[in-house]
Amino acid sequence: MTNLIQKYNIPGPRYTSYPTVPFWDKEGIAQQDWERTVKKSFDESNDVEGISLYIHLPFCESLCTFCACHKKITKRHEVEQPYIETVLKEWDLYCDLLVERPKIREIHLGGGTPTFFSSENLRKLINGIFKRADKFETFDFSYEGHPNHTSEDQLQTLYDLGSRRNSFGIQDYDPIVQKAIHRVQSFEQVKRVNDLSRKIGYESISHDLIFGLPFQTEESIRNTIKNTIELKPDRIAYYSYAHVPWIKGVGQRGFDDNDLPKDSEKRHLYELGKQLFFDNGYVEIGMDHFALPSDSLHKAMESKKLHRNFMGYTAGKTELMIGLGMSSISDSWYAFAQNEKTIEDYTEKVNKGIIPIFRGHLLTEQDLIIRKHILNLMCNLETEWKIGLDNKIKNEIVERLSEIIDDGLIEVSDTKITVKDEGRMFVRNICMAFDLRLLENKPETRVFSMTI
């Protein structure tokens, strides 16, 4: 296995979309094309499955050096209200476009630190959204919280607004690792928000852990997972640390590359964690995720309804996902669009009455076909050839997969490709064989994190 890890540990996308952002059309997407695809998707799906909202709340009081998200570091909480007002103005722009009242199936508050915001402003945000929308018959509202900056009042307020699921960024409990990544929080602080969530009535609690961080060892990972299991979250995300300082600058240079676990060491930390999760009743979901059998994510996997988008894995698919807020990415199924990346530019466009996108991609027919295959592989670990590929492209894909087939990681038949258990850790590599945009436009400089 060590040889396979060395062989396949190459830079590659995480496939929260296809095409991936670096391969969106350089000319971008015209505003009218974006609005047209949003309206088309909404008309097709609002009554059938509802829509999803991702709301980006970018503020953090301090910088975590492992983080590759778009964020704004500040301790000035007076920024909350004007930002919320701008997000609601953006929502009004979409509602005016859609005309009919949206039926919201899913809301996720991401960041940044959503619990940077006061209970009052969180209430203003969600109530403002539902002034112009209704809940779909099944409704899922989740958010991310920082254990150090999440109060009982915030937990109760968000629960009262309809949230039944939350996620806390833990990363690692070792004090040396925490200091290196500038994310210092005690087990007691995590236990407090976890226990309060249970007491209030949250049905699903998720903890995010990261392997491959500076100074991590087998002992520190064992202790981190021991503490995690003690609190028994319903879901665990066990992410590979994406070391991309060439993209995010000095924020990811608070430690030396030599402080990071090497390839085989890093993979050992993953395999160790995975086995400990299995030993404690968790089931592997797609890539990087584990859940108890009682959790909706596991049930979605069992019924083959698991979906993957810019929010990661979700228990249900919506054709239309609207991203609100600075840097948010939206998905109309037929196109992608990303909002302006600075608060100033984002606010300026919204105040001018313009949906504040600055780049995007209009999917071709071939993009849509490849997208379905990659989604199937990422969510169901299999895909059927009958989904639209001509024989020439199919044969080329099989040829690109020849080494992966020879290494016993997948099975290929006349009807489908199936990822074997031994191949789960290489699913990104398998998807890359389908990625025609990547193959046609190989980047000259480093763009992606390593696949393993």
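The shown structure was predicted, so the numbers you read here are calculated from the model rather than taken from an experiment.

Draft legend 1. Molecular detail of the overall build of the protein. The helix and strand inventory of the protein stands at 17 helices and 19 strands. Whereas a compact globule of 452 residues would reach a radius of gyration of roughly 22 Å, the protein reaches 21 Å, a difference of no more than 12%. Burial analysis of the protein (452 residues in total) assigns 57% to the buried set. Considering only contacts in the protein between residues 6 or more positions apart, those separated by 24 or more positions represent 73%.

Draft legend 2. Structural context of helix α3 (residues 80-98). The terminal C-alpha atoms of α3, which comprises 19 residues, lie 27 Å apart, in line with the 27 Å expected from a rise of 1.5 Å per residue. Where α3 is concerned, the buried positions are Glu80, Tyr83, Ile84, Thr86, Val87, Leu88, Glu90, Trp91, Leu93, Tyr94, Cys95 and Leu98. Looking one or two residues beyond α3, the residue adopting positive phi is Val99, at roughly 70°.

Draft legend 3. Here's a closer look at the side chain of Asn339. Tracing the backbone through its elements, the reader meets Asn339 in strand β15 (residues 335-339). The class for Asn339 is buried, based on a relative accessible area of 0%. A polar side-chain atom of Asn339 sits 2.9 Å from the main-chain carbonyl oxygen of Gly325. Residues within four places of Asn339 in sequence aside, it is in contact with Glu90, Gly323, Leu324, Gly325, Ser327, Ser328, Tyr346, Pro356, Ile357 and Phe358.

Draft legend 4. View of unusual backbone geometry. For the peptide bond that leads from Tyr18 to Pro19, omega is -5°, which places it in the cis range. Relative to the assigned elements, Pro19 resides in the loop between α1 (2-8) and α2 (31-45). The step from Gly111 to Gly112 runs through a cis peptide bond, and the omega angle for that step is 10°. Of note, Gly112 is situated in the loop between β4 (103-111) and α4 (119-129). For Gln171, which is not a glycine, the phi torsion comes out positive at approximately 75°. Tracing the sequence through the fold places Gln171 in strand β6 (residues 165-171).

Draft legend 5. Expanded view of the pairing of β15. Among the 5 residues of β15, 5 are classified as buried, and the element is accordingly described as predominantly covered. Side chains Ala335, Ala337 and Asn339 project from β15 onto one buried face, and the interleaved Phe336 and Gln338 project onto a second face that is buried too. Inspection of the sheet shows strand β14 (residues 329-331) paired to β15 by 3 bridges, in the antiparallel sense. Among the inter-strand pairings, Ser330 is bridged to a residue of β15, identified as Ala337. Between the end of β14 and the start of β15, which pair antiparallel, lie 3 residues, with Trp333 showing a positive phi angle near 75°.

Draft legend 6. Expanded view of the sheet that holds strand β18 (residues 410-412). Here 3 strands make up an open sheet; going across it, the order is β17-β19-β18 and the pairing antiparallel. Taken across any chain shown, the strands that pair with only one partner, and hence form the sheet edges, are β17 (382-384) and β18. When the angles between neighbouring strand axes are averaged without regard to direction, this sheet yields 5°. Of the strand pairs in this sheet, β18 and strand β19 (residues 416-419) are connected by 3 bridges, and their pairing is antiparallel.

Draft legend 7. Focus on the UniProt feature "binding site: S-adenosyl-L-methionine 1" (unreviewed entry) in the protein. According to UniProt, the positions carrying the feature "binding site: S-adenosyl-L-methionine 1" (unreviewed entry) are Tyr54, Gly111, Glu144 and Ile329. For Tyr54, a relative accessible area of 13% corresponds to the buried category. In contact with Tyr54, not counting residues within four places along its chain, are His108, Gly110, Gly111, Met311, Ile322, Gly323, Leu324 and Ser328. A distance of 2.9 Å separates polar atoms of two side chains, one belonging to Tyr54 and the other to His56. A relative accessible area of 7% means that Gly111 is categorised as buried. With sequence-adjacent residues up to four places away left out, Gly111 is seen in contact with Tyr54, His56, Leu57, Cys69 and Glu144.

Draft legend 8. Summary view of the pairing of strand β7 (residues 204-211). Most of β7 sits inside the fold, with 8 of its 8 residues counted as buried. As paired strands, β6 and β7 are joined by 6 bridges and run parallel to one another. In the sheet register, Gly169 faces β7, and the bridge partner there is Asp208. This β-α-β element, β7 to helix α8 (residues 218-231) to strand β8 (residues 235-240), shows right-handed connectivity.

Draft legend 9. Molecular detail of the domain arrangement of the protein. Taken domain by domain, the protein comprises domain 1 (16-362) and domain 2 (365-440). One C-alpha centre belongs to domain 1, the other to domain 2; they are set 27 Å apart. Opposite the 21 residues of domain 1 that make contact, domain 2 presents 19 residues. Interface of domain 1 and domain 2: buried area, both sides summed, is about 2000 Å²; carbon and sulfur atoms make up 59% of it. In terms of surface lost to domain 2, no three residues of domain 1 exceed Tyr18, Phe23 and Trp333, which account for 39% of the buried area on that side. At the junction of domain 1 and domain 2, the tally comes to 4 salt bridges. Put simply, Lys304 and Glu382 hold a salt bridge, and the shortest N to O gap is 3.7 Å.

Draft legend 10. Quick look at the packing of α3 against α4. Contact geometry of α3 with α4 gives a least axis separation of 10 Å together with a crossing angle of 10°. On the basis of their axis angle, the class for α3 and α4 is roughly parallel. In contact with Glu80, Gln81, Ile84, Glu85, Val87, Leu88 and Trp91 of α3, α4 contributes Asn121, Lys124, Leu125, Gly128 and Ile129. When grouped by side-chain class, the residues that make up the contact of α3 with α4 number 6 nonpolar, 3 polar and 3 charged.

Draft legend 11. Representation of the pattern of salt bridges within the structure. According to the stated counting rule, one finds 30 salt bridges in the structure shown. A salt bridge links Lys317 to Glu49, with the shortest nitrogen-to-oxygen separation between them at 3.6 Å. Note that Lys317 is positioned in the loop between β12 (312-314) and β13 (321-324) and Glu49 in the loop between α2 and β1 (51-57), a separation of 268 residues in sequence. A salt bridge links Asp331 to Arg371; the shortest N-O distance between them is 2.4 Å. In this pair, Asp331 sits in strand β14 while Arg371 sits in helix α13 (residues 365-380), placing the two residues 40 residues apart along the sequence.

Calculation notes
Within any chain, residue numbers begin from 1 and follow the written order of that chain's sequence. Per-residue local features of the predicted model are confined to residues with pLDDT of at least 70, and side-chain atom pairs are confined, for both listing and counting, to 80 or more; whole-chain, interface and lining totals are unaffected and use all residues. The basis for every side-chain value is the complete set of non-hydrogen atoms in the structure, without hydrogens or water. Counting from the N terminus, the helices are the DSSP runs of H or I reaching at least four residues and the strands are the DSSP runs of E reaching at least two. As defined in this context, the radius of gyration uses C-alpha atoms, and a globule is described by 2.2 Å times the residue total to the power 0.38. Burial here depends on accessible area, computed with a 1.4 Å probe over protein chains only, as a share of the maximum for the residue type. Under 20% is buried, over 50% is exposed, and the range in between is partly exposed. Contacts are assigned to residue pairs that have any heavy atoms within 4.5 Å of one another. For a helix, the expected span equals 1.5 Å multiplied by the number of residues minus one. Pairs of N or O atoms within 3.5 Å make up the polar contacts considered here, provided that, within protein, one atom can donate a hydrogen while the other can accept it, and that residues adjacent in sequence are counted only when both atoms are side-chain atoms. The rule for pairing is simple: two strands pair if DSSP sees at least two bridges between them. Only the contacting stretch of a helix is used when fitting its axis, a line to C-alpha atoms as for every element, and angles between N-to-C directions run 0 to 180 degrees. UniProt positions are given in the numbering used here, feature names are shortened, and annotations may be inferred rather than shown by experiment. Handedness of a crossover: with both strands directed away from the viewer, a clockwise path from the first strand across the helix to the second marks it as right-handed. Domain limits in this description derive from either an automatic procedure or a database domain assignment. Here the quantity called buried area is the accessible surface, traced with a 1.4 Å probe, that two parts lose on coming together, added over both. Any carboxyl oxygen of Asp or Glu within 4 Å of a side-chain nitrogen of Lys or Arg constitutes a salt bridge here. By the definition adopted for this analysis, an angle is roughly parallel if under 35 degrees, roughly antiparallel if over 145, roughly perpendicular if from 65 to 115, and oblique otherwise. Each residue is assigned to one of three groups, with Ala, Val, Leu, Ile, Met, Phe, Trp, Tyr, Cys and Pro labelled nonpolar, Asp, Glu, Lys and Arg labelled charged, and all others, Gly among them, labelled polar.

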